[in-house]
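Next come the chains, spelled out residue by residue.
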Amino acid sequence: MTNENLKLLESILQEGHQALKPLYQEIKPAFLKYMQRYTPDPDIRLDAFHEAMLAFYEYCLAGKYNPDRSAPKTMVFMMGRAYLINRLKLEQRNLYQETETIDSYIKYRVTQQYHSSLSESEILVRDAILKLGDKCRLLLQLFFYRNYSIEAIMENMKYKNENVVSSHKSRCIKQLKEILQAKS
Amino acid sequence: MALSVQDIRLIEKHLKDELSPEEQITLEDKKKDPEFEAELNLYLTIQKSTTNFSRLDVKKDFKAWDQDEPIRLNPLKSSTTWWKIAAGLVILVGIVGLLNKFAFNSAAPDLYTQYYEPYPNLLDPIEKGESTSPSLTQLYELENYEAVISLPMTTAVDSFYVALSFMELGNQEFATELLQIFSRREDFRFKDAAQWYLALNFLREGQTTLCKQFLMEISINENHDFRNPAAELLGKIGSN
């Protein structure tokens, strides 16, 4: 079992989230069925499953997942349950507010959905990153999101050597700053 | 003046949580330099923003996988008993049903494109030569959907146009959540429109049952603004 867990982890680190697909399809029905004890709403349960898979993925990227200690399925269930319970608690509080002013409830949900992760300046940076070329965007994603080392980026993107990677990364960030300056 | 390579390396190690205790002290000391701090904040922002759009990519694939679930078949053996024959028939009916659903799903994007139109700005339509800064609904009319969703909402109508903007930006899930609220409010001016767009959202997402349910409710309501297109669309979906 541990070997399988380790193989999955290695695939995730090498291939990215695509390596999750077999696990995703294997445990999804059981997850959705299990979470019925918390809510009958299928959309909320599916959302919890997505959040749990994403959380597990990022746990692996951060180097925190130990394949010897627990199986991926266990981790996903734990994370999904925690997310669901928290979300239901929050929404119950806000549903109470809905009887007072539906507009403030809607405002809260939209703010939470769109702005909860990003401030105004972060939105500007995100939009600027999306304007960069594909290679720059991928490089930044590998470095900042998938937590790749310079060496790993060199192998993945087939650069000549690590210096070329560092130099390209600096150019991408310089380009990003130019886009941001042009906007301000 | 640009930071040194060592300073950049220090910042990157901080982002990846790889600083030694000594390096941590060095970082705290360098933060007193405004230029260093500005660069550090920029890198933190890049990390957060990259995470944000990367997560959207991952979730997009999750949704694609939801449409892509494998069908498991149990082959019938030669010495079958009556219950095995019944089980085989159930599987066959299920496959036919799934094929119909896939046929519906493959037609769904075409039907959606046929029937979807942005909702008009009925509140304060832009007049020629108008030069004052546009309102939320005017920004919607100008198809500046990103701007719409970043503005503060002061009324339920604002929130409705925000929901439509999320729809345009491909955030069907959140658009559905908002539209469901408006579709239940009897006193809401655009309740009919909310129900219609909700049905279209379900169509786009391949949620057949919910789509048909809403279209049915709309089409049997004689006073509904979208009664005719709903009936027409329901007829087309029914024939798929």
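Residues numbered from 1 in each chain as written. Chains lettered and ligands numbered in written order. Predicted model: local features only at pLDDT ≥ 70, side-chain atom pairs only at ≥ 80, totals over all residues. Heavy atoms only, no water.

1. A word on the overall build of chain B
- Along chain B, the regular secondary structure elements total 11 helices and 0 strands.
- Across chain B, helices and strands are ordered from the amino to the carboxyl terminus as α-α-α-α-α-α-α-α-α-α-α.
- Carbon and sulfur atoms make up 54% of the accessible area of chain B, which totals about 13600 Å². (Helix = DSSP H or I, 4+ residues; strand = E, 2+ residues; numbered from the N terminus. Areas by Shrake-Rupley, 256 points an atom, 1.4 Å probe, with all protein chains shown as cover.)

2. Side note on the confidence of the model for chain B
All names here are of chain B.
- When pLDDT is averaged along chain B, the result is 79; 77% of the residues meet or exceed 70.
- Within chain B, helix α2 (residues 21-30) carries the highest mean pLDDT (94), whereas helix α4 (residues 82-115) carries the lowest (59).
- Interface confidence for the predicted complex, given as ipTM, is 0.79, next to a pTM of 0.53. (pLDDT = per-residue confidence, 0-100.)

3. With respect to the interface of chain A and chain B
- Across the contact, 47 residues belong to chain A and 46 residues belong to chain B.
- In total, chain A and chain B occlude about 4400 Å² of area from one another, counting both sides; carbon and sulfur atoms represent 62% of this.
- Applying the counting criterion to the chain A and chain B interface returns 7 salt bridges.
- Two residues, Asp66(B) and Lys28(A), come together in a salt bridge whose shortest N-O distance is 2.8 Å. (Contact = heavy atoms within 4.5 Å. Buried area = accessible area lost by both parts, 1.4 Å probe. Salt bridge = Lys/Arg side-chain N within 4 Å of Asp/Glu carboxyl O.)

4. A few points about the nonpolar core
- Ranked by size, the top nonpolar core spans 46 residues in total, and within it Tyr119(B), Phe160(B), Trp196(B), Tyr197(B) and Leu200(B) carry the most contacts.
- Those elements that place two or more of their residues in this core are α4, α5 (136-141), α6 (145-150), α7 (156-168), α8 (172-184), α9 (191-204), α10 (208-219) and α11 (227-238) of chain B.
- Judged by nonpolar contacts, the second largest core, of 34 residues, contains Cys136(A), Phe143(A), Leu15(B) and Leu19(B). (Core = buried A, V, L, I, M, F, W, Y, C linked by side-chain atoms within 4.5 Å. Buried < 20%, exposed > 50% of the residue type's maximum accessible area, 1.4 Å probe, protein only.)

5. Describing the environment of Leu56(B)
All names here are of chain B.
- Residue placement: Leu56 occurs in helix α3 (residues 34-66).
- In this structure Leu56 comes out as exposed when scored by relative accessible area, which is 52%.
- When the C-alpha atoms of Leu56 and Asn171 are compared, they prove to be 9.9 Å apart, with 115 residues separating the residues in sequence.

6. Side note on α9(B)
Residues and elements named next belong to chain B.
- Between its first and last C-alpha, α9 extends 20 Å over 14 residues, near the 20 Å set by a 1.5 Å rise per residue.
- Of all the 14 residues making up α9, 13 are buried; the element is thus mostly covered by neighbouring parts of the structure.
- Count one or two residues on from α9 and you reach Gly206, which has phi positive near 75 degrees. (Expected span 1.5 Å × (residues − 1).)

7. A word on the state of the cysteines
Residues and elements named next belong to chain A.
- According to the stated counting rule, one finds 1 disulfide over all chains in the structure shown.
- The disulfide partner of Cys136 is Cys172, and the gap between their sulfur atoms is 2.0 Å. The S-S bond linking Cys136 to Cys172 shows a torsion near -90 degrees; that makes this disulfide left-handed. With Cys136 in helix α7 (residues 134-145) and Cys172 in helix α9 (residues 162-183), this residue pair connects regions lying 36 residues apart in the sequence.
- Judged by its relative accessible area of 6%, Cys136 falls in the buried class.
- For Cys172, a relative accessible area of 0% puts it in the buried group. (Disulfide = S-S within 2.5 Å.)

8. A word on the environment of Phe166(B)
- Along the chain, Phe166(B) falls in helix α7.
- Taking the C-alpha atoms as reference points, Phe166(B) and Ile149(B), separated by 17 residues in sequence, lie 7.3 Å from one another.

9. What about unusual backbone geometry?
Residue and element names in this part refer to chain B.
- Its identity as a non-glycine residue notwithstanding, Asp17 has a phi of 60 degrees, on the positive side.
- Checked against the element boundaries, Asp17 lands in the loop between α1 (5-15) and α2.
- Taking relative accessible area as the criterion, Asp17 reaches 71% and is therefore assigned exposed.
- Within the chain, Glu143 stands out as a residue other than glycine whose phi angle is a positive 65 degrees.
- Looking at where Glu143 falls in the secondary structure, it is placed in the loop between α5 and α6.

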